[in-house]
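# Examination of the molecular architecture
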Amino acid sequence: MSFTGGTVAASAAALREGGVSPQELLAEARAQFERVDAEVGAVLTQTWELAERQAADAQRRLREDPGAASPLCGIPVALKDVLCLEGVACTAGSRILEGFHPPYTGTAVQRLLDAGAVVIGKTNCDEFAMGSSTENSAYRPVRNPWDRSRVPGGSSGGSAAAVAAGMVPYSLGTDTGGSIRQPAALCGVVGFKPTYGRVSRYGLIAFASSLDQIGPFAHTVEDCALVYSAIAGHDPRDSTSSPTAVEDPMETLRGGIAGMRLGVPHEYFGEGLEPGVRRAVEEALRVLEGMGATLDEVSLPSTGAALSTYYIIAPAECSSNLARYDGIRFGMRKEHDALLQMYLDTRGCGFGAEVKRRIMLGTYALSSGYYDAYYRKAQKVRTVIAEEFAAAFERVDALVCATSPTVAFPLAAREDPLSMYLCDVLTLPVNLAGLPGVSLPCGMADGLPVGLQVIAPRFQDARALRVAHAYEQATGWHRARSPLVEATA
Ligand code: GLN
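Before going into details, it helps to say that this report is about the structure given with it.

Cut-off values and rules
- Residues numbered from 1 in each chain as written.
- Predicted model: local features only at pLDDT ≥ 70, side-chain atom pairs only at ≥ 80, totals over all residues.
- Heavy atoms only, no water.
- Salt bridge = Lys/Arg side-chain N within 4 Å of Asp/Glu carboxyl O.
- Helix = DSSP H or I, 4+ residues; strand = E, 2+ residues; numbered from the N terminus.
- Buried < 20%, exposed > 50% of the residue type's maximum accessible area, 1.4 Å probe, protein only.
- Near = heavy atom within 4 Å.
- Polar contact = N/O pair within 3.5 Å; in protein donor to acceptor, adjacent residues only side chain to side chain.
- Areas by Shrake-Rupley, 256 points an atom, 1.4 Å probe, with all protein chains shown as cover.
- Pairing = 2+ DSSP bridges.
- Axes fitted to C-alpha atoms, helices over the stretch in contact; angles between N-to-C directions.
- Patch = residues over 30% accessible without salt bridge, like charges linked within 9 Å, V, L, I, M, F, W, Y side chains within 5 Å.
- Core = buried A, V, L, I, M, F, W, Y, C linked by side-chain atoms within 4.5 Å.
- Contact = heavy atoms within 4.5 Å.
- Right-handed = clockwise from strand over helix to strand, strands pointing away.
- Expected span 1.5 Å × (residues − 1).
- Bend = angle between axes of the 7 residues up to and from the residue.
- Phe/Tyr/Trp six-rings, centres within 6.5 Å; stacked < 30°, edge-to-face > 60°.

## Remarks on the pattern of salt bridges
Per the stated rule, a full pass over the model turns up 16 salt bridges. The salt bridge partner of arginine 30 is glutamate 34, with a shortest N-O separation of 3.1 Å. Remark: glutamate 34 and arginine 30 occur in helix H2 (residues 22–40); sequence separation between them is 4 residues, near one turn of the helix. For glutamate 39, the salt bridge is made with arginine 148, and the minimal N-O distance between the two is 2.7 Å. Remark: arginine 148 occurs in the loop between strand E3 (118–123) and helix H5 (157–164) and glutamate 39 occurs in helix H2; sequence separation between them is 109 residues. Connected through salt bridges with shared partners, the residues Glu354, Arg357 and Arg358 form a single ionic network.

## A look at unusual backbone geometry
Both trends apply: most residues other than glycine have a negative phi, and most peptide bonds are in trans. The residue after glycine 154, namely serine 155, is reached through a cis peptide bond having omega 5 degrees. Along the chain, the position of serine 155 falls in the loop between E3 and H5. Its identity as a non-glycine residue notwithstanding, alanine 129 has a phi of 65 degrees, on the positive side. Phi angles above zero are rare outside glycine, and aspartate 446 is one such case at about 50 degrees. As for its placement among the helices and strands, aspartate 446 is situated in the loop between strand E10 (437–445) and strand E11 (448–455). In this structure aspartate 446 comes out as exposed when scored by relative accessible area, which is 72%.

## Some details on the site of the ligand
The ligand sits among 15 residues. The nearest are Gly177, Ser179, Tyr310, Arg358 and Asp424. In the environment of the ligand, an oxygen atom lies 2.6 Å from a nitrogen or oxygen atom belonging to the backbone of glycine 177. One nitrogen or oxygen atom from the side chain of tyrosine 310 is found 2.7 Å from an oxygen atom belonging to the ligand. Protein contact buries 100% of the 290 Å² of open area that the ligand shows by itself.

## Comments concerning the sheet that holds strand E1 (residues 43–46)
Read across the sheet, 11 strands follow the order E1-E3-E2-E4-E6-E5-E10-E11-E9-E7-E8 without closing on themselves; strand pairing throughout is mixed. Two strands in the sheet have a free side with no partner beyond their single neighbour: E1 and strand E8 (294–298). Across the sheet, the mean angle separating the axes of adjacent strands is 30 degrees when strand polarity is ignored. Where E10 and E11 come together, 7 bridges link them in antiparallel fashion.

## Observations regarding a nonpolar patch on the surface
On the surface, a cluster of nonpolar side chains totalling about 290 Å² of accessible area is made up of Tyr364, Tyr370 and Tyr374. Structurally, tyrosine 370 can be placed in the loop between helix H12 (353–366) and helix H13 (371–395).

## A word on the nonpolar core
Side chains that are nonpolar tend, in soluble globular proteins, to be buried together. Membership of the largest hydrophobic core comes to 124 residues, with the highest contact counts inside it found for Leu79, Leu112, Phe128, Tyr170, Leu172, Ile205 and Phe389. If you tally residues by element for this core, the top one is helix H10 (residues 303–321), at 9 residues. Apart from residues lying up to four places away in sequence, isoleucine 205 is in contact with Val82, Cys84, Cys90, Ala92, Leu97, Phe128 and Tyr325. With 27 residues, the next largest nonpolar core counts Val142, Ala160, Ala164 and Leu484 among its residues.

## Details of the pairing of E8
Sheet analysis places strand E7 (residues 261–265) next to E8, joined by 5 bridges and oriented parallel. By the bridge assignment, glycine 263 is partnered in E8 with aspartate 296. A crossover connection joins E7 to the parallel E8 through helix H9 (residues 275–290); in handedness this β-α-β unit is right-handed.

## Considerations on the side chain of serine 482
Looking at where serine 482 falls in the secondary structure, it is placed in the loop between helix H16 (461–475) and helix H17 (483–486). The buried category is assigned to serine 482, whose relative accessible area is 1%. With sequence-adjacent residues up to four places away left out, serine 482 is seen in contact with Pro145, Trp146, Ala164 and Ala165.

## Describing H13
Quick reminder: α-helices carry 3.6 residues per turn. Residues three or four places apart thus point the same way. Over its 25 residues, H13 extends 36 Å from the first C-alpha to the last, a length consistent with the 36 Å expected when each residue adds 1.5 Å. Taken as a whole, H13 carries its principal kink of about 25 degrees at lysine 377. Those residues of H13 that sit buried are Tyr375, Ala378, Arg382, Ile385, Glu388, Phe389, Ala392 and Phe393. On its buried face, H13 sits against H10, H12, strand E9 (398–402), helix H15 (428–432) and E11.

## Details of the packing of aromatic side chains
Tallying each qualifying case throughout the model produces 15 aromatic pairs. Measuring from ring centre to ring centre gives 5.1 Å for tyrosine 104 and tyrosine 202, while their planes differ by 45 degrees; the resulting arrangement is tilted. Of this pair, tyrosine 104 sits in the loop between strand E2 (76–80) and helix H4 (107–115) while tyrosine 202 sits in the loop between strand E5 (190–193) and strand E6 (213–218); the two residues are 98 residues apart in sequence, bridging distant segments of the chain. You can call tyrosine 202 partly exposed: its relative accessible area is 25%. For the ring pair phenylalanine 128 and tyrosine 325, a centre distance of 5.0 Å and an interplane angle of 40 degrees mean the geometry is tilted. Of this pair, phenylalanine 128 sits in the loop between E3 and H5 while tyrosine 325 sits in the loop between H10 and helix H11 (339–350), and the two are 197 residues apart along the sequence. Summarising the burial analysis for this pair, phenylalanine 128 and tyrosine 325 share the class buried. Chaining the aromatic ring pairs together yields one cluster made of Phe100, Phe128, Tyr325, Phe330 and Phe351.

Structure, rendered in C-alpha coordinates:
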(Lines give C-alpha, C1' and ligand atoms only; values in the text may rest on other atoms or scores of the structure.)
Protein backbone atom coordinates (compact mmCIF):
# COMPACT_ATOMS: atom_id res chain seq x y z
CA MET A 1 0.00 0.00 0.00
CA SER A 2 1.24 3.48 -0.84
CA PHE A 3 0.91 6.42 1.52
CA THR A 4 1.99 8.95 -1.10
CA GLY A 5 -0.74 11.56 -1.32
CA GLY A 6 -2.41 10.07 1.76
CA THR A 7 -3.51 11.74 4.96
CA VAL A 8 -1.90 12.16 8.36
CA ALA A 9 -4.81 10.26 9.92
CA ALA A 10 -4.35 7.27 7.57
CA SER A 11 -0.60 7.14 8.22
CA ALA A 12 -1.15 7.45 11.99
CA ALA A 13 -3.60 4.54 11.94
CA ALA A 14 -1.29 2.38 9.83
CA LEU A 15 1.66 3.14 12.12
CA ARG A 16 -0.36 1.82 15.06
CA GLU A 17 -1.64 -1.23 13.24
CA GLY A 18 1.89 -2.08 12.20
CA GLY A 19 1.03 -1.64 8.54
CA VAL A 20 3.95 0.72 8.03
CA SER A 21 6.95 2.08 9.93
CA PRO A 22 8.16 5.69 10.22
CA GLN A 23 11.22 4.66 8.20
CA GLU A 24 9.01 3.35 5.40
CA LEU A 25 6.91 6.52 5.40
CA LEU A 26 10.11 8.52 5.20
CA ALA A 27 11.42 6.40 2.33
CA GLU A 28 8.17 7.00 0.44
CA ALA A 29 8.35 10.74 1.07
CA ARG A 30 11.92 10.77 -0.18
CA ALA A 31 11.13 8.73 -3.27
CA GLN A 32 8.28 11.07 -4.17
CA PHE A 33 10.46 14.11 -3.51
CA GLU A 34 13.15 12.70 -5.81
CA ARG A 35 10.59 11.91 -8.49
CA VAL A 36 8.86 15.26 -8.60
CA ASP A 37 10.71 18.11 -6.89
CA ALA A 38 13.01 18.88 -9.81
CA GLU A 39 9.79 19.94 -11.56
CA VAL A 40 8.12 21.61 -8.58
CA GLY A 41 10.93 23.30 -6.65
CA ALA A 42 9.13 23.11 -3.31
CA VAL A 43 12.11 22.34 -1.07
CA LEU A 44 15.09 24.65 -0.44
CA THR A 45 16.94 22.59 2.18
CA GLN A 46 16.68 18.83 2.62
CA THR A 47 17.19 17.29 6.05
CA TRP A 48 17.20 13.54 5.34
CA GLU A 49 19.80 12.64 7.96
CA LEU A 50 17.90 14.44 10.67
CA ALA A 51 14.71 12.81 9.39
CA GLU A 52 16.28 9.33 9.62
CA ARG A 53 17.18 9.92 13.26
CA GLN A 54 13.72 11.30 14.02
CA ALA A 55 12.06 8.34 12.28
CA ALA A 56 14.09 5.88 14.36
CA ASP A 57 13.16 7.77 17.50
CA ALA A 58 9.49 7.80 16.50
CA GLN A 59 9.65 4.08 15.85
CA ARG A 60 10.87 3.53 19.42
CA ARG A 61 8.10 5.71 20.82
CA LEU A 62 5.41 3.95 18.82
CA ARG A 63 6.69 0.57 19.88
CA GLU A 64 6.96 1.46 23.55
CA ASP A 65 3.61 3.18 23.98
CA PRO A 66 1.54 3.59 20.82
CA GLY A 67 -1.42 4.89 22.83
CA ALA A 68 0.57 7.78 24.29
CA ALA A 69 2.19 8.78 21.01
CA SER A 70 0.84 11.85 19.22
CA PRO A 71 -1.02 11.28 15.92
CA LEU A 72 1.89 13.16 14.33
CA CYS A 73 4.51 10.74 15.67
CA GLY A 74 6.55 9.25 12.83
CA ILE A 75 4.91 11.28 10.09
CA PRO A 76 6.96 13.34 7.61
CA VAL A 77 6.54 17.12 7.51
CA ALA A 78 8.10 20.05 5.65
CA LEU A 79 8.54 23.49 7.21
CA LYS A 80 8.34 26.87 5.50
CA ASP A 81 11.80 28.37 5.41
CA VAL A 82 10.86 31.21 7.75
CA LEU A 83 10.58 28.81 10.71
CA CYS A 84 13.72 28.28 12.75
CA LEU A 85 15.00 24.77 13.36
CA GLU A 86 18.25 24.68 15.31
CA GLY A 87 21.31 24.13 13.14
CA VAL A 88 19.40 23.86 9.84
CA ALA A 89 19.88 26.60 7.21
CA CYS A 90 17.06 29.13 7.25
CA THR A 91 16.88 31.67 4.43
CA ALA A 92 13.33 33.09 4.47
CA GLY A 93 13.71 32.81 0.68
CA SER A 94 16.27 35.64 0.81
CA ARG A 95 19.91 35.96 -0.20
CA ILE A 96 20.52 38.10 2.84
CA LEU A 97 20.10 35.09 5.11
CA GLU A 98 22.40 32.83 3.09
CA GLY A 99 24.56 30.91 5.53
CA PHE A 100 22.31 31.60 8.54
CA HIS A 101 21.84 28.58 10.81
CA PRO A 102 19.46 29.43 13.65
CA PRO A 103 20.91 28.66 17.09
CA TYR A 104 17.48 27.65 18.40
CA THR A 105 14.18 26.03 17.38
CA GLY A 106 10.92 28.01 17.28
CA THR A 107 8.04 26.99 19.52
CA ALA A 108 5.61 25.65 16.89
CA VAL A 109 8.39 23.56 15.34
CA GLN A 110 9.54 22.38 18.77
CA ARG A 111 6.01 21.23 19.53
CA LEU A 112 6.01 19.16 16.35
CA LEU A 113 9.39 17.68 17.30
CA ASP A 114 8.03 16.87 20.77
CA ALA A 115 5.12 15.11 19.05
CA GLY A 116 7.59 12.92 17.13
CA ALA A 117 7.48 14.64 13.75
CA VAL A 118 9.96 13.68 11.02
CA VAL A 119 11.24 16.83 9.29
CA ILE A 120 12.26 16.28 5.65
CA GLY A 121 13.22 19.87 4.85
CA LYS A 122 12.55 23.57 4.58
CA THR A 123 10.20 24.81 1.90
CA ASN A 124 10.61 27.54 -0.66
CA CYS A 125 8.70 30.78 -0.18
CA ASP A 126 8.50 34.37 -1.30
CA GLU A 127 11.34 36.40 0.17
CA PHE A 128 10.45 37.17 3.81
CA ALA A 129 6.94 35.89 2.97
CA MET A 130 6.21 38.91 0.78
CA GLY A 131 4.25 37.82 -2.25
CA SER A 132 1.41 35.71 -3.57
CA SER A 133 3.07 33.47 -6.13
CA THR A 134 6.42 32.34 -4.63
CA GLU A 135 8.09 34.05 -7.60
CA ASN A 136 9.72 36.45 -5.12
CA SER A 137 11.89 33.64 -3.77
CA ALA A 138 15.52 34.66 -4.30
CA TYR A 139 16.32 31.03 -5.16
CA ARG A 140 13.76 29.80 -7.69
CA PRO A 141 10.03 29.93 -8.26
CA VAL A 142 7.80 27.04 -7.15
CA ARG A 143 5.56 25.44 -9.76
CA ASN A 144 1.98 24.34 -9.20
CA PRO A 145 1.69 20.52 -9.06
CA TRP A 146 -1.59 20.73 -11.00
CA ASP A 147 0.00 22.62 -13.89
CA ARG A 148 3.70 23.35 -13.84
CA SER A 149 3.33 26.41 -16.06
CA ARG A 150 1.41 28.06 -13.21
CA VAL A 151 2.26 29.45 -9.80
CA PRO A 152 1.31 27.65 -6.57
CA GLY A 153 0.28 30.89 -4.89
CA GLY A 154 2.29 32.34 -2.07
CA SER A 155 4.01 33.16 0.02
CA SER A 156 3.97 29.61 1.45
CA GLY A 157 3.96 28.15 -2.08
CA GLY A 158 6.58 25.50 -1.32
CA SER A 159 4.64 24.20 1.68
CA ALA A 160 1.39 24.03 -0.29
CA ALA A 161 3.04 22.40 -3.30
CA ALA A 162 4.92 19.85 -1.18
CA VAL A 163 1.57 18.55 0.10
CA ALA A 164 -0.20 18.83 -3.26
CA ALA A 165 2.65 16.93 -4.94
CA GLY A 166 2.47 14.15 -2.35
CA MET A 167 5.94 14.70 -0.87
CA VAL A 168 4.55 15.06 2.66
CA PRO A 169 1.05 14.62 4.11
CA TYR A 170 1.28 17.95 5.91
CA SER A 171 3.45 21.03 6.21
CA LEU A 172 3.66 24.32 8.09
CA GLY A 173 3.31 27.72 6.52
CA THR A 174 2.69 31.26 7.70
CA ASP A 175 -0.10 33.68 6.86
CA THR A 176 0.25 37.46 7.17
CA GLY A 177 -2.29 38.46 4.53
CA GLY A 178 -3.28 35.13 3.01
CA SER A 179 -0.06 33.16 2.62
CA ILE A 180 -1.51 29.89 3.90
CA ARG A 181 -5.05 30.11 2.57
CA GLN A 182 -4.32 31.46 -0.93
CA PRO A 183 -1.67 28.84 -1.87
CA ALA A 184 -3.88 26.15 -0.31
CA ALA A 185 -6.68 27.27 -2.64
CA LEU A 186 -4.43 27.37 -5.71
CA CYS A 187 -2.89 23.96 -4.96
CA GLY A 188 -6.11 22.13 -4.05
CA VAL A 189 -5.24 21.41 -0.41
CA VAL A 190 -6.57 22.55 2.96
CA GLY A 191 -4.83 25.47 4.70
CA PHE A 192 -5.63 26.86 8.12
CA LYS A 193 -4.66 30.22 9.59
CA PRO A 194 -5.45 30.17 13.31
CA THR A 195 -6.61 33.17 15.35
CA TYR A 196 -3.80 35.69 15.86
CA GLY A 197 -2.19 34.77 19.17
CA ARG A 198 -3.14 31.09 19.11
CA VAL A 199 0.18 29.80 17.81
CA SER A 200 3.41 31.20 19.17
CA ARG A 201 5.50 33.23 16.73
CA TYR A 202 8.70 32.58 18.68
CA GLY A 203 11.25 31.38 16.14
CA LEU A 204 9.28 32.67 13.15
CA ILE A 205 11.26 35.16 11.09
CA ALA A 206 9.05 38.22 11.40
CA PHE A 207 7.46 39.98 8.44
CA ALA A 208 4.59 41.95 10.04
CA SER A 209 4.39 40.99 13.68
CA SER A 210 0.79 42.08 14.32
CA LEU A 211 -0.44 39.94 11.40
CA ASP A 212 1.87 36.90 11.11
CA GLN A 213 0.48 33.54 12.19
CA ILE A 214 1.72 29.97 11.71
CA GLY A 215 -0.59 27.21 10.48
CA PRO A 216 -0.82 23.89 8.65
CA PHE A 217 -1.42 22.60 5.12
CA ALA A 218 -2.85 19.10 4.64
CA HIS A 219 -5.27 17.13 2.48
CA THR A 220 -8.10 17.19 5.02
CA VAL A 221 -9.57 19.50 7.63
CA GLU A 222 -9.15 16.77 10.23
CA ASP A 223 -5.40 16.64 9.55
CA CYS A 224 -5.20 20.43 9.92
CA ALA A 225 -7.08 20.15 13.22
CA LEU A 226 -4.58 17.52 14.45
CA VAL A 227 -1.63 19.74 13.59
CA TYR A 228 -3.32 22.81 15.07
CA SER A 229 -3.89 20.93 18.34
CA ALA A 230 -0.19 20.10 18.48
CA ILE A 231 1.13 23.62 17.86
CA ALA A 232 -1.49 25.89 19.49
CA GLY A 233 -1.30 27.29 22.98
CA HIS A 234 0.31 29.89 25.17
CA ASP A 235 4.05 30.45 25.02
CA PRO A 236 5.76 32.77 27.50
CA ARG A 237 8.33 33.52 24.79
CA ASP A 238 5.75 35.27 22.62
CA SER A 239 4.04 38.10 24.49
CA THR A 240 1.27 38.15 21.87
CA SER A 241 0.41 34.49 22.35
CA SER A 242 -2.90 34.12 24.14
CA PRO A 243 -2.95 32.65 27.65
CA THR A 244 -6.56 31.44 27.22
CA ALA A 245 -7.14 27.69 27.05
CA VAL A 246 -7.17 26.11 23.59
CA GLU A 247 -10.37 24.28 22.80
CA ASP A 248 -9.89 20.79 21.35
CA PRO A 249 -11.06 21.03 17.73
CA MET A 250 -11.47 17.26 17.51
CA GLU A 251 -14.33 17.35 20.03
CA THR A 252 -16.60 19.40 17.79
CA LEU A 253 -15.16 18.55 14.37
CA ARG A 254 -17.92 16.10 13.49
CA GLY A 255 -20.76 18.16 14.99
CA GLY A 256 -22.18 19.13 11.61
CA ILE A 257 -23.68 22.46 10.65
CA ALA A 258 -27.43 21.84 10.93
CA GLY A 259 -28.98 24.97 12.42
CA MET A 260 -25.86 27.07 12.01
CA ARG A 261 -26.14 30.55 10.57
CA LEU A 262 -23.56 31.20 7.87
CA GLY A 263 -22.92 34.70 6.58
CA VAL A 264 -22.19 35.45 2.95
CA PRO A 265 -20.37 38.81 2.79
CA HIS A 266 -21.65 40.38 -0.39
CA GLU A 267 -18.56 42.60 -0.82
CA TYR A 268 -16.61 39.36 -1.32
CA PHE A 269 -18.58 38.47 -4.44
CA GLY A 270 -17.61 41.55 -6.45
CA GLU A 271 -16.28 42.05 -9.93
CA GLY A 272 -12.78 40.61 -9.64
CA LEU A 273 -14.08 37.11 -8.95
CA GLU A 274 -13.40 34.80 -11.92
CA PRO A 275 -16.60 33.21 -13.24
CA GLY A 276 -15.32 29.68 -12.57
CA VAL A 277 -14.47 30.57 -8.98
CA ARG A 278 -17.85 32.21 -8.48
CA ARG A 279 -19.65 29.15 -9.85
CA ALA A 280 -17.77 26.74 -7.58
CA VAL A 281 -18.27 28.88 -4.47
CA GLU A 282 -21.97 29.47 -5.17
CA GLU A 283 -22.41 25.74 -5.62
CA ALA A 284 -20.65 25.24 -2.26
CA LEU A 285 -23.11 27.65 -0.64
CA ARG A 286 -25.99 25.53 -1.95
CA VAL A 287 -24.36 22.43 -0.49
CA LEU A 288 -24.00 24.12 2.91
CA GLU A 289 -27.65 25.13 2.79
CA GLY A 290 -28.61 21.59 1.87
CA MET A 291 -26.84 20.41 5.01
CA GLY A 292 -29.16 22.44 7.23
CA ALA A 293 -27.28 25.72 7.61
CA THR A 294 -29.08 29.00 7.00
CA LEU A 295 -27.34 31.44 4.72
CA ASP A 296 -27.60 35.15 5.48
CA GLU A 297 -26.21 37.89 3.35
CA VAL A 298 -24.06 40.18 5.48
CA SER A 299 -22.21 43.39 4.72
CA LEU A 300 -18.62 44.28 5.58
CA PRO A 301 -18.67 47.81 4.15
CA SER A 302 -14.98 48.62 4.66
CA THR A 303 -13.73 45.62 2.70
CA GLY A 304 -12.68 47.93 -0.13
CA ALA A 305 -10.30 49.77 2.23
CA ALA A 306 -8.65 46.62 3.57
CA LEU A 307 -6.05 46.26 0.81
CA SER A 308 -4.69 49.78 1.20
CA THR A 309 -4.81 49.46 4.99
CA TYR A 310 -2.82 46.23 4.84
CA TYR A 311 -0.28 47.76 2.46
CA ILE A 312 0.43 50.53 4.97
CA ILE A 313 0.56 48.39 8.11
CA ALA A 314 2.41 45.33 6.76
CA PRO A 315 5.22 47.35 5.08
CA ALA A 316 5.49 49.60 8.16
CA GLU A 317 6.09 46.59 10.38
CA CYS A 318 8.36 44.98 7.79
CA SER A 319 10.55 48.09 7.53
CA SER A 320 11.11 47.90 11.27
CA ASN A 321 11.54 44.12 11.46
CA LEU A 322 13.99 43.97 8.56
CA ALA A 323 16.23 46.68 9.98
CA ARG A 324 18.12 43.94 11.82
CA TYR A 325 19.61 42.52 8.59
CA ASP A 326 22.70 44.70 8.50
CA GLY A 327 25.42 42.21 7.61
CA ILE A 328 26.67 42.07 11.20
CA ARG A 329 24.50 39.57 12.96
CA PHE A 330 22.86 37.24 10.45
CA GLY A 331 23.70 35.60 7.17
CA MET A 332 25.40 37.34 4.30
CA ARG A 333 27.91 40.23 4.52
CA LYS A 334 29.41 42.34 1.72
CA GLU A 335 32.75 43.29 3.24
CA HIS A 336 33.86 46.92 3.03
CA ASP A 337 36.33 49.01 5.03
CA ALA A 338 33.75 51.72 5.61
CA LEU A 339 30.97 50.54 7.93
CA LEU A 340 28.18 52.49 6.25
CA GLN A 341 29.19 51.16 2.84
CA MET A 342 29.16 47.63 4.27
CA TYR A 343 25.54 48.15 5.41
CA LEU A 344 24.54 49.62 2.07
CA ASP A 345 26.23 46.91 0.02
CA THR A 346 24.87 44.09 2.17
CA ARG A 347 21.29 45.34 2.10
CA GLY A 348 21.56 46.43 -1.53
CA CYS A 349 22.69 42.98 -2.68
CA GLY A 350 20.91 40.89 -0.09
CA PHE A 351 17.32 42.07 -0.51
CA GLY A 352 15.23 41.55 -3.63
CA ALA A 353 13.10 44.16 -5.39
CA GLU A 354 9.81 43.45 -3.59
CA VAL A 355 11.41 43.52 -0.15
CA LYS A 356 13.10 46.82 -0.95
CA ARG A 357 9.79 48.22 -2.17
CA ARG A 358 8.10 47.26 1.09
CA ILE A 359 10.90 48.71 3.22
CA MET A 360 10.63 52.00 1.37
CA LEU A 361 6.82 52.08 1.56
CA GLY A 362 6.92 51.27 5.26
CA THR A 363 9.65 53.76 6.10
CA TYR A 364 7.70 56.43 4.25
CA ALA A 365 4.44 55.62 6.05
CA LEU A 366 6.19 55.80 9.43
CA SER A 367 8.19 58.95 8.78
CA SER A 368 7.30 62.06 10.71
CA GLY A 369 4.87 64.15 8.74
CA TYR A 370 3.33 61.09 7.09
CA TYR A 371 2.77 58.95 10.17
CA ASP A 372 -0.61 60.54 10.98
CA ALA A 373 -1.75 60.63 7.37
CA TYR A 374 -0.89 57.00 6.65
CA TYR A 375 0.07 54.78 9.55
CA ARG A 376 -2.25 56.17 12.21
CA LYS A 377 -5.13 56.37 9.75
CA ALA A 378 -4.52 52.77 8.65
CA GLN A 379 -4.65 51.67 12.28
CA LYS A 380 -8.02 53.38 12.66
CA VAL A 381 -9.39 51.71 9.55
CA ARG A 382 -8.04 48.40 10.84
CA THR A 383 -10.16 48.86 13.96
CA VAL A 384 -13.24 49.61 11.87
CA ILE A 385 -12.66 46.45 9.80
CA ALA A 386 -12.39 44.36 12.97
CA GLU A 387 -15.56 45.96 14.36
CA GLU A 388 -17.47 45.20 11.18
CA PHE A 389 -16.51 41.53 11.43
CA ALA A 390 -17.53 41.52 15.10
CA ALA A 391 -20.91 43.05 14.19
CA ALA A 392 -21.43 40.41 11.48
CA PHE A 393 -20.64 37.67 14.00
CA GLU A 394 -23.47 38.89 16.20
CA ARG A 395 -25.80 37.67 13.47
CA VAL A 396 -23.97 34.66 12.05
CA ASP A 397 -21.76 31.86 13.37
CA ALA A 398 -19.22 31.92 10.54
CA LEU A 399 -18.63 33.53 7.16
CA VAL A 400 -18.17 31.70 3.86
CA CYS A 401 -16.71 33.07 0.64
CA ALA A 402 -13.99 32.42 -1.94
CA THR A 403 -10.37 32.29 -0.75
CA SER A 404 -8.80 33.67 -3.91
CA PRO A 405 -10.56 35.63 -6.67
CA THR A 406 -8.73 33.55 -9.28
CA VAL A 407 -7.37 30.08 -9.86
CA ALA A 408 -3.61 29.56 -10.23
CA PHE A 409 -2.23 31.95 -12.84
CA PRO A 410 0.73 31.40 -15.21
CA LEU A 411 4.27 32.19 -14.02
CA ALA A 412 5.31 35.78 -14.83
CA ALA A 413 1.68 36.80 -15.44
CA ARG A 414 1.63 39.41 -12.67
CA GLU A 415 4.74 41.50 -12.91
CA ASP A 416 2.91 44.64 -11.82
CA PRO A 417 3.03 44.64 -8.00
CA LEU A 418 -0.51 45.98 -7.64
CA SER A 419 -1.98 43.08 -9.61
CA MET A 420 -0.05 40.73 -7.30
CA TYR A 421 -1.36 42.54 -4.21
CA LEU A 422 -4.93 41.98 -5.44
CA CYS A 423 -4.49 38.22 -4.98
CA ASP A 424 -5.15 38.69 -1.27
CA VAL A 425 -8.20 40.94 -1.25
CA LEU A 426 -10.36 38.16 0.18
CA THR A 427 -7.88 36.92 2.77
CA LEU A 428 -6.09 39.92 4.24
CA PRO A 429 -9.10 41.46 6.02
CA VAL A 430 -9.10 38.29 8.14
CA ASN A 431 -5.51 39.01 9.26
CA LEU A 432 -6.29 42.66 9.97
CA ALA A 433 -9.04 41.46 12.33
CA GLY A 434 -6.97 38.58 13.77
CA LEU A 435 -9.59 35.95 12.89
CA PRO A 436 -9.19 32.24 12.11
CA GLY A 437 -9.69 31.23 8.48
CA VAL A 438 -9.67 27.91 6.64
CA SER A 439 -9.35 27.37 2.90
CA LEU A 440 -10.49 24.04 1.51
CA PRO A 441 -11.03 22.62 -1.97
CA CYS A 442 -14.56 23.23 -3.32
CA GLY A 443 -14.34 22.36 -6.97
CA MET A 444 -12.41 22.97 -10.16
CA ALA A 445 -12.43 25.75 -12.73
CA ASP A 446 -10.57 25.28 -16.03
CA GLY A 447 -9.00 22.13 -14.61
CA LEU A 448 -7.57 23.98 -11.60
CA PRO A 449 -8.58 23.86 -7.93
CA VAL A 450 -10.87 26.45 -6.33
CA GLY A 451 -10.79 27.22 -2.60
CA LEU A 452 -13.68 27.93 -0.24
CA GLN A 453 -12.86 30.15 2.75
CA VAL A 454 -14.52 29.71 6.15
CA ILE A 455 -13.97 32.55 8.64
CA ALA A 456 -14.94 32.40 12.32
CA PRO A 457 -14.84 34.82 15.27
CA ARG A 458 -11.61 35.24 17.23
CA PHE A 459 -10.68 32.10 19.15
CA GLN A 460 -13.47 30.12 17.50
CA ASP A 461 -10.88 28.16 15.53
CA ALA A 462 -12.71 24.93 16.28
CA ARG A 463 -15.88 26.33 14.75
CA ALA A 464 -14.11 27.29 11.53
CA LEU A 465 -12.70 23.76 11.31
CA ARG A 466 -16.10 22.22 12.08
CA VAL A 467 -17.86 24.06 9.25
CA ALA A 468 -15.03 23.23 6.86
CA HIS A 469 -15.01 19.57 7.88
CA ALA A 470 -18.77 19.25 7.40
CA TYR A 471 -18.56 20.69 3.89
CA GLU A 472 -15.54 18.56 3.02
CA GLN A 473 -17.16 15.32 4.12
CA ALA A 474 -20.36 16.12 2.23
CA THR A 475 -18.56 16.71 -1.04
CA GLY A 476 -15.29 14.85 -1.39
CA TRP A 477 -13.24 17.45 -3.26
CA HIS A 478 -10.48 16.72 -0.76
CA ARG A 479 -9.97 13.36 -2.46
CA ALA A 480 -8.83 14.96 -5.71
CA ARG A 481 -5.05 14.75 -6.21
CA SER A 482 -2.70 16.58 -8.54
CA PRO A 483 -1.38 14.68 -11.57
CA LEU A 484 1.98 14.32 -9.80
CA VAL A 485 0.35 12.16 -7.14
CA GLU A 486 -1.96 10.25 -9.43
CA ALA A 487 0.92 9.32 -11.67
CA THR A 488 2.61 7.53 -8.78
CA ALA A 489 -0.38 6.20 -6.83
N1 GLN B 1 0.63 38.40 -0.37
C2 GLN B 1 0.61 39.18 0.84
C3 GLN B 1 1.87 40.01 0.92
O4 GLN B 1 2.63 39.94 0.02
C5 GLN B 1 0.51 38.28 2.04
C6 GLN B 1 1.76 37.55 2.32
C7 GLN B 1 1.66 36.70 3.53
O8 GLN B 1 0.57 36.35 4.01
N9 GLN B 1 2.82 36.38 4.08
O10 GLN B 1 2.10 40.71 1.83
